[in-house]
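For reference, the chains in residue letters:
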Amino acid sequence: MNLQKFSPITVIKWMWLWPPFWGAGIGLDEVSSDLRYIKVHMKLTWKNTNYVGTHFGGNLFSMTDPWYMFMFIHNLGNGYRVFDKAGDIQFRKPGQGKVTAEFRLDQAVIDQVKQEMELNGKTEITLPVNIVNEQGEVVAEVKRTVWMAKKRIKS
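Just so it is clear, the structure is predicted and the values come from calculations on it, not from any experiment.

(A) Just the packing of helix 4 (residues 67-76) against helix 5 (residues 107-120), in detail. Viewed as axis vectors pointing N to C, helix 4 and helix 5 meet at an angle of 75°, and their least axial separation amounts to 11 Å. The angle between the axes of helix 4 and helix 5 places the two elements in the roughly perpendicular class. Together, Phe72, Asn75 and Leu76 of helix 4 and Val109, Ile110, Val113, Lys114 and Met117 of helix 5 make up the contact between the two elements. Split into classes, the residues belonging to the contact of helix 4 with helix 5 amount to 6 nonpolar, 1 polar and 1 charged.

Encoded structure:
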């Protein structure tokens, strides 16, 4: 199925059907109409619990996976290619109960990557996101690297 025929917001709202998200219980709480803010959550259930009764680390990492890529795709427009390139996670404390992650993309960052692509044809940026528990404590610090390039004009 070619998801590009749907609006980015429609795709994001239906992401809970994607098997890795559905299986882990990852859900969407909020998405702004300009796709510059996204909030996701994951409740601790039998499907995402590890051996010691806390959130499985792979699911914590998965809940951060596609969001910055989607945000850049929507905010840069058609003239660019955008891919998730890398991710890094540092676990700070056991994840219990409901955890959330918030993704923000401001105009200054969008302008910065556009400027770098004008100069170099491509760029990448690493952006942070914290996964927090219901008490607001950081469970994991994640860094997501997104690679972007200007599309080549076919002659």
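(B) Main features of the sheet that holds strand 2 (residues 37-42). An order of 1-2-4-5-6-3 is seen for the 6 strands of this open sheet, with the pairing classed as antiparallel. Of all strands in the sheet, those with a lone pairing partner are strand 1 (26-31) and strand 3 (80-91), marking the two edges. On average, adjacent strands in this sheet sit at an angle of 25° to one another, irrespective of strand direction. Two elements, strand 4 (residues 99-104) and strand 5 (residues 122-132), share 2 bridges in a ladder whose sense is antiparallel. Bridging from a neighbouring strand, Ala101 pairs with Ile131 of strand 5. This element, helix 4, spans strand 2, strand 3, strand 4, strand 5 and strand 6 (138-150) of the sheet and lies at about 150° to strand 3.

(C) Fine view of the pattern of salt bridges. Under the defined criterion, the tally for this structure stands at 6 salt bridges. Among the salt bridges present, the one from Glu124 reaches Lys85, with a minimum N-O distance of 2.6 Å. Of this pair, Glu124 sits in strand 5 while Lys85 sits in strand 3, and the two are 39 residues apart along the sequence. Residue Arg92 is joined to Glu141 by a salt bridge in which the shortest nitrogen-to-oxygen separation is 2.9 Å. Taken as a pair, Arg92 in the loop between strand 3 and strand 4 and Glu141 in strand 6 lie far apart in primary sequence, 49 residues in all. Take Arg92: its relative accessible area is 47%, and that puts it in the partly exposed class.

(D) Structural detail: the nonpolar core. One finds Leu60, Met63, Phe72, Leu76, Phe103, Ile131 and Met148 to be the most contacted residues of the largest nonpolar core, which totals 35 residues. Looking at this core, the elements that each hand over two or more residues are helix 2 (19-24), strand 2, helix 4, strand 3, strand 4, helix 5, strand 5 and strand 6. The element that contributes the greatest number of residues to this core is helix 4, accounting for 7 residues.

(E) Broad picture of the side chain of Thr145. Among the secondary structure elements, Thr145 is positioned in strand 6. Discounting chain neighbours no more than four positions away, the residues touching Thr145 are Phe83, Asp84, Lys85, Ala86, Glu124, Ile125 and Thr126.

(F) Examining unusual backbone geometry more closely. The backbone phi angle of Leu35 is positive, close to 55°, even though this residue is not glycine. Structurally, Leu35 is set in the loop between strand 1 and strand 2. Residue classification places Leu35 among the buried positions, given a relative accessible area of 0%.

Rules of the game
Residues numbered from 1 in each chain as written. Predicted model: local features only at pLDDT ≥ 70, side-chain atom pairs only at ≥ 80, totals over all residues. Heavy atoms only, no water. Axes fitted to C-alpha atoms, helices over the stretch in contact; angles between N-to-C directions. Helix = DSSP H or I, 4+ residues; strand = E, 2+ residues; numbered from the N terminus. Parallel < 35°, antiparallel > 145°, perpendicular 65-115°, else oblique. Contact = heavy atoms within 4.5 Å. Nonpolar A, V, L, I, M, F, W, Y, C, P; charged D, E, K, R; others polar. Pairing = 2+ DSSP bridges. Salt bridge = Lys/Arg side-chain N within 4 Å of Asp/Glu carboxyl O. Buried < 20%, exposed > 50% of the residue type's maximum accessible area, 1.4 Å probe, protein only. Core = buried A, V, L, I, M, F, W, Y, C linked by side-chain atoms within 4.5 Å.

The values reported here are purely geometric and, on their own, carry no functional implication.
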